[in-house]
Structure formats: structure tokens, C-alpha cells
Amino acid sequence: MCHEMNISFLFQDISLYQAERVKKLSVSSVLSLKVLSKTLCVIDLDCALANKTLQKFSDYRFFNTTYSWLLLSDSHPSDLDSILWSLKHIQMNSDVTYLRAVDQDNRTHYELMDVYSKGRHICKDIFQTGYGYWSEDEGLLLVSNYNSYYERKNFEGMKLRGTTVIDRDNVTSDDVDRILSEPGNVPGIVVFVKYHYSLMCILRDFHNFKINYRVARGWAGRLRSGYRLGLLGILSRNEADVAATGIFQRINRHAEFDIIHQSWEFTSGFIYRITPQLSSAVGGGNFFTPFDDNVWIASLVTMALILFSITLVTFFVSKYLCSERNSSIMSHFLEIVATTAQQGLSEDVSPSICIRIILVSLLLFNLVLYNYYTSSVVGGLLSSPGKGPETIQEIIDSPLVVSFRDIGYHKILFRETTDPLIRELYQKKVQPSREGQDLVDVYTDVETVVPYLKRGGFTFHCEMTEAFQEIANQFDANEVCELRTANGLLHDLKLTSFVLPKRSMYTEMFKITMMRAQEIGLVKRNLKIHRIEKPICQSGSRVNPVEISGVTMAFELLGGGFVLAVFLMLVEILYWKSILKKSLLVFST
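Conventions adopted
- Residues numbered from 1 in each chain as written.
- Predicted model: local features only at pLDDT ≥ 70, side-chain atom pairs only at ≥ 80, totals over all residues.
- Heavy atoms only, no water.
- Patch = residues over 30% accessible without salt bridge, like charges linked within 9 Å, V, L, I, M, F, W, Y side chains within 5 Å.
- Areas by Shrake-Rupley, 256 points an atom, 1.4 Å probe, with all protein chains shown as cover.
- Salt bridge = Lys/Arg side-chain N within 4 Å of Asp/Glu carboxyl O.
- Helix = DSSP H or I, 4+ residues; strand = E, 2+ residues; numbered from the N terminus.
- Buried < 20%, exposed > 50% of the residue type's maximum accessible area, 1.4 Å probe, protein only.
- Pairing = 2+ DSSP bridges.
- Axes fitted to C-alpha atoms, helices over the stretch in contact; angles between N-to-C directions.
- Contact = heavy atoms within 4.5 Å.

Caption draft 1: Seen up close, a nonpolar patch on the surface. Taken together, the side chains of Val360, Leu364, Leu367, Val368 and Tyr372 present a nonpolar region at the surface, about 500 Å² in accessible area. Relative to the helices and strands, Val368 resides in helix H11 (residues 353-382). Overall, Val368 belongs to the partly exposed group, its relative accessible area being 47%.

Structure follows, in C-alpha cells:
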């Protein structure tokens, strides 16, 4: 035990275990699972039970980066090779060194051999590379600049098992490279799958390997029996070595894969073109829009207080001054309405100074308020239409016709979601039949839906970067300025991850390679190719015509006034008829 260097030693005599008791050898009794530091295991292979002991450690996968192994032997190299070949789980990330005895000049020195395998699970050989010597006279001599990463990086054309997600029928392994290399939008493939495939090509070219693909239709799923489906099921069962696609980074999935790179931000949402009809439908053409509800309430309360003040002052003034006429409340009400509408005061203004002060205050109040109101209205007419729907609920309440990218995760979302808002969207916007109508299908592709988006009245849900290139090709400058987006159904997903199966032997090596690719700019280059940004509005200001939907409120007020006037006229006629009838009865008696 060496406390000064913080190093501890434990000696275990494996020869004490008899041959018939080897199966009872507890791995944890030799290597404690609670050790958090780097552990070096030194084994004398000349011991009769060393081979079976190493096989037991191999079965428990102790040949990984946590443990370093030093194998000592004076046996013939062929005997040592047979021992190494019997170990099933020597991996790419194993740290195993054995000292091979070499006779030279009647002296024995030992060569340090780095032992690793590029894939025992696919029947690949065990490689041995010398990186140093040790002798009693000269001590330890290491090869200068030896790096296990660079030594092991060349897979020499080895074929790995891969998997990807393509939501199309009859796709074979031979079709994957061709389909994922096609430029632009490809049916059944989302853009982040093509991006992660380009990252996989960086790994493939750098490490010199090939891939035999297994194609999945979706990312995840589960049968009632518990059997995992999709790409996630393939990874969890270790049926693939690499995943040539990204996967949504949900918290409950972290125990099922290793993340080697993160750079793609998943941004789904609704894309639509805002029109005057849509703007008015969400409040853009409403006369009440320029002011907040609190402003309207405060204004009405102020008008009521002014009406009360003028009525009260007029009553007292007319009572004590014979020159003042006591007007009715309705006359004062019409006076206030006319002043508020910038129609001025009547010619017969009260000579009372207190009433005139109230009226002057009312005029100043209306001057300031009216300026804010008219500037908001004129500014709205001279600028682009309003902001439009921004949330899922506003999309549901709007007259927009909704379509979705024809990809598996949308259909799975509607089938499995328990979110009441998404269920409401499905019932109101997805379920109703569209047969016989000039409407785009519920599930469609980008090229089909963009002309409908250009027409207006339609919205498309997808990962937004998928549609921006086609929109830029078909929209003119003014239409680009009218492009709007709203929060999507998958807004809780932010990052997609480039993953490998859990505890994969290639995790550490591929992490280093992706880090180097990011440092030299290859990752940024691929992001720029596949992640298209929203087109920039480059059009100048223009006047948008006011349509009938924008002035509906004015006609409603006018019509309501006429209806109310006729109703009050009828009430007044009936009232005076009843009064006249009562007076005739009194006169006759």
C-alpha cells in the first residue's frame, strides 16, 4: 500500500482455486465494483488457472477503458495467442498489454504489445502492436509519439452493422447510400436524418469501414409484449454498431444509447402565410385592436365619470342661475359621444366656467387618445399584416387548413398522445374529411404543400428548415415578408443526438473523431448545407388594402344602431299609446 502516491495494491493468488472450484470464483472478490479510480490488473499467464480466470473476466466485460491489463508470460507466443483468442470481449477500447519474451544476444528482454480487436462480435481478429521494450539493463523504452487512437483508427474496410430510419416501403441496404445522398427533400426522410448520415460518412471515410444497413420505419415503439420496435429497439438489442441518423434526446432514453455528438437543434412548428382575412380573423382588422382591453375599460369609466360630472354640475347651476338651462342626460351623452368622435361641440355651450373646464378637459383627453388610435390604425395599414396565430390553440381557433409532413413521428404522436390540446387539434383539423374539396391532404410532402401556402389559408407542420428552401424558390419578396411561424407539437424536443448502442466499443474513438471534425469545421459545413435558414424579408413597405372583413365592425355598429332605434321607437309608440288610453279612460269617467 502506497499512501503518498495514492496508490493501493491487492495481491490475489488464483492458484489457490482448484480446477473444480473455478466456477465459484467471484469476480467482485478480485476486482471491487466500488473502485472509482483507474485500475491496473497484472496477471501471470504461466499460472495454470490464468486462462479460465481471464475468460471469466471477459464474460463480465471487464476489458474496457476502466481497467488496464498487463499480462506476463514466459510461454511461447503461440500459446499466448490461443489464450487471447479465447477471450470473447477484447474490444476496440480495451487497454490490454502483454510482455512478450524475446531472446536477443543471449539476453531476454520483453516487448510491450498493445492488444485490441476491431470487433469480436463480427468475428474479427485480435491485433497486437508493439509500442515499447523492457529489460533489466535498459529499463522501459517506449516508441516515441505512440497513440492508440491513431494506431487503431484504420478499420481496413471492415463492414459494421448499421441502422437508419427511412419511412418508405421496399428499401434495402443497397439503397440507403443512394437515397440519403440525394439532394433536396426526399420522401420518407427528414432532414436531420440526412445530416447525421453526412456525419456518418465522415466517420466512415476517416476510419475506413463499410456499413451493412438495416432500415427501420420509425425511431421507437413497443408491442404489448414489451418488444422494442424501430431504431431504438435495434440499438437496445445490440443488433447494430452505428446509427446513421439522429434520435430525439428524451430523458428516459439515456440508458439505452451512448451519445457521441450533438449539433442539430430540432425546431418543429407551423408555417403559414398571413393574409388580411387571417389577420382580421385573429383580431388584426378589429376596431378594438389598437387599444388593450384595459385601455378601453379605463376610457369607458372616464366617459361615465364625465357624464355624471356634467349632469350634476348642470343640475346645480340651473337651480341657482336662471341663465343656465337644465339639459337632459341624453343630451349630455350625445355631446360626449360627438366630442369623442372628433365632431366638435354644439353651438349652445354653457356659459358656466366649471362646465367649460370639464369640456376642455374632455377635448384634451380625446386629442391625446385619438392620436394614439389613428396612428396605430394608419401604421397597421402601411405595414405588413399582423403577427397571426402563435400557439397551437390559436391555430385551432383560426380558419387555417392544417397539413403535416408525411413522416412517421406525426402519425405516432396522434396515436399515442394524451395531451388534450393535441387531441383537440386532431379532432378539429385532422379528422374532418377533405374529399371533393380543393384542399391539400392531411399528410403530404413539402413540394406539394408550398403552392397552397403561397395561396394563403393553409399551414404546414414540419421541422421548419425542411420547407424554407422550397419557400425561397417559390415565394416573391412580398410573400416572404408575410411568412409566419407558430409553436409546433414537438416543441419540448430541442436536440437530436448522434448515438451508438450503450457501452459500445467504438464510443470513445468516434467521440474523438467527431470532436476533431468539429474543430476543423466539417460539422459547421454540413450544418450550413442541410440546415436552411428562414428567408430574409427584403421587401419595402407597402399598403395592404382593407377588405370587407376588416370593416365588419363598422357595419355591425351601424346595423346595431338602426335595430336599436327601431326597437326603441316601437317601445315608445306602445308607451305613448298606453298613456293616451289611460288618459281617455280618466276623461270619460
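Read on, since the account is not over.
Caption draft 2: Quick peek at the sheet that holds strand E17 (residues 495-501). The sheet built from three strands is open, its strands ordered E10-E17-E11 with antiparallel pairing. Every interior strand has two partners, whereas the edge strands, strand E10 (246-248) and strand E11 (257-265), have only one. Averaged over all adjacent pairs, the angle separating strand axes in this sheet is 45°, with direction ignored. The pairing of E10 with E17 spans three bridges and is classified as antiparallel. The partner of Gly246 across the bridge, within E17, is Phe498. Lying on the sheet, helix H6 (residues 191-207) is in contact with E10, E11 and E17; it crosses E11 at an angle near 120°.

Caption draft 3: Structural context of the pattern of salt bridges. The final tally for this structure, using the stated rule, is 21 salt bridges. The residue Asp205 makes a salt bridge to Arg204 at a minimum N-O spacing of 3.6 Å. Judged by relative accessible area, which is 60%, Asp205 ranks as exposed. Classification of Arg204 as partly exposed rests on a relative accessible area of 21%. When salt bridges with common partners are traced through the structure, they connect Asp167, Asp169 and Arg217 into a single cluster.

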